[in-house]
Amino acid sequence: MRLLKKDNDKETVSLWKKEAKRLEKERNQLYNELELVKDYKDRYDLLIQEVSELKNKYLHIIKQAEELGNEYKDKLQRITDKE
């Protein structure tokens, strides 16, 4: 017994074409979503880099402020010791 008769071939081809279109549409949608995720990842990596740079910058500023504060304390101590 033959499963694919001449009449069924047209139907089968039509079904395969519909399925191929559906799968292509699904693939394109998933590819677009993947590209969005990649874009989010790239933006996230840039944000992490910016935060790291800002952290280093503020740590440097804090260190300078502490050194300046210590310097003023020393000068004040010297002034008060003279009197």
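Anything mentioned here points back to the structure above.
If you're wondering where the values come from, they're calculated on a predicted model, not measured in any experiment.

A short note on the overall build of the protein chain
Item 1. When you go through the protein chain residue by residue, the secondary structure sums to one helix and zero strands.
Item 2. For the protein chain, buried positions account for 0% of its 83 residues.
Item 3. As displayed, the protein chain offers around 8,700 Å² of accessible surface, 58% of which is attributable to carbon and sulfur atoms.

Notes on a nonpolar patch on the surface
Item 1. A contiguous nonpolar surface patch, about 460 Å² in accessible area, is contributed by Leu54, Tyr58, Leu59, Ile61 and Ile62.
Item 2. Mapped onto the secondary structure, Ile61 falls in helix α1 (residues 6-82).
Item 3. The exposure class of Ile61 is partly exposed, given its relative accessible area of 37%.

Let's talk about the pattern of salt bridges
Item 1. Counting across every chain of the model gives six salt bridges.
Item 2. Two residues, Lys38 and Glu35, come together in a salt bridge whose shortest N-O distance is 3.8 Å. On the criterion of helical spacing, the pair formed by Lys38 and Glu35 is a turn pair, its members being three residues apart in helix α1.
Item 3. Relative accessible area serves as the criterion here: at 32%, Glu35 is assigned to the partly exposed category.
Item 4. Of the charged contacts, one joins Lys41 and Asp45 as a salt bridge, the two residues approaching to 3.0 Å between their closest N and O atoms. Linking Lys41 with Asp45, this pair stays in helix α1, spanning four residues, or about one helical turn.
Item 5. Judged by relative accessible area, which is 48%, Lys41 ranks as partly exposed.
Item 6. Through salt bridges that share partners, Glu19, Arg22 and Glu26 make up one connected network.

The rules behind these values
- Residues numbered from 1 in each chain as written.
- Predicted model: local features only at pLDDT ≥ 70, side-chain atom pairs only at ≥ 80, totals over all residues.
- Heavy atoms only, no water.
- Helix = DSSP H or I, 4+ residues; strand = E, 2+ residues; numbered from the N terminus.
- Buried < 20%, exposed > 50% of the residue type's maximum accessible area, 1.4 Å probe, protein only.
- Areas by Shrake-Rupley, 256 points an atom, 1.4 Å probe, with all protein chains shown as cover.
- Patch = residues over 30% accessible without salt bridge, like charges linked within 9 Å, V, L, I, M, F, W, Y side chains within 5 Å.
- Salt bridge = Lys/Arg side-chain N within 4 Å of Asp/Glu carboxyl O.

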